[in-house]
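What the coordinates show
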Amino acid sequence: MNKIVIHSKDERFTLSDLSELCYNINNIYKILVFNKEKKKTIRYYYKAKLPEKDALFVDKISKFSPFSLEISSAITYGDILQTLVTIIGIAIAIRYSRTNFDRRLLKGEIKEEIRIKLREKNIEPTEEIVVEVEKLSRRKIRIEEIKEE
């Protein structure tokens, strides 16, 4: 099973920051699950409760890294977890590109950049995914994937 470890970029990470980060990740994950299952009506996914076998779980936070979360999934189709890692990576890349530009990027430009990056990774750039990636790109995080055997 692979784990996604998300670290705060700041020394201080508020509970509100953590809540918003988990909310964005959970929304993206649900979109991916419902798309994988080919459900046509995914408009309700924000409120949908996934069965335990498909849910994301948060492992214990380490004493050595108190600002990190380990997110692991018991889901059977592993490509969703890998896609989630890729999407979070895109959000982080967008965040860095935002701060490295001399001028302020317009929201439309950011969304178009997200669509391009999603297509490059063979992920369908639905409006729901693009919106959630844009929200996630505002979070102060970095990510690493840990492969477990």
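As a starting point, this report considers the structure included with it. Note that the coordinates shown come from a computational prediction; the quantities given were computed from them, not determined experimentally.

As enumerated under the stated definition, the model contains eight salt bridges in all. Between E20 and R139 there is a salt bridge, and its shortest N-O distance comes to 3.1 Å. Placement of the pair is E20 in helix α1 (residues 15-36) and R139 in the loop between α4 (127-136) and β4 (141-147), with a sequence separation of 119 residues. With its nearest N and O atoms 3.8 Å apart, the salt bridge here joins E127 to K111.

By the secondary structure assignment, N27 is in helix α1. Here N27 falls in the buried class, since its relative accessible area comes to 1%. At 3.4 Å, the side chain of N27 and the side chain of E132 are in polar contact.

Right, let's talk about the pairing of strand β3 (residues 68-73) for a bit. Of all the six residues making up β3, five are buried; the element is thus mostly covered by neighbouring parts of the structure. As paired elements, strand β2 (residues 56-58) and β3 share three bridges and run antiparallel to each other. Note on β3: the bridge partner recorded for V58 is I71.

Quick look at α4 now. Side chains three or four residues apart in an α-helix point the same way, a direct result of the helix having 3.6 residues per turn. With seven of its ten residues buried, α4 lies for the most part within the structure. Along α4, the positions that sit buried rather than exposed are E128, I129, V130, E132, V133, E134 and L136.

Turning to the nonpolar core, a few remarks are in order. Ranked by size, the top nonpolar core spans 33 residues in total, and within it I25 and L84 carry the most contacts. Taken together, the elements giving at least two residues each to this core come down to β1 (2-8), α1, α2 (78-100), α3 (107-120) and α4. When residues of this core are assigned to their parent elements, the largest contribution, ten residues, is made by α2. Here I25 is in contact with I6, L56, I71, L84, I88 and L136, once residues within four sequence places are set aside.

Rules and cut-offs
- Residues numbered from 1 in each chain as written.
- Predicted model: local features only at pLDDT ≥ 70, side-chain atom pairs only at ≥ 80, totals over all residues.
- Heavy atoms only, no water.
- Salt bridge = Lys/Arg side-chain N within 4 Å of Asp/Glu carboxyl O.
- Helix = DSSP H or I, 4+ residues; strand = E, 2+ residues; numbered from the N terminus.
- Buried < 20%, exposed > 50% of the residue type's maximum accessible area, 1.4 Å probe, protein only.
- Polar contact = N/O pair within 3.5 Å; in protein donor to acceptor, adjacent residues only side chain to side chain.
- Pairing = 2+ DSSP bridges.
- Core = buried A, V, L, I, M, F, W, Y, C linked by side-chain atoms within 4.5 Å.
- Contact = heavy atoms within 4.5 Å.

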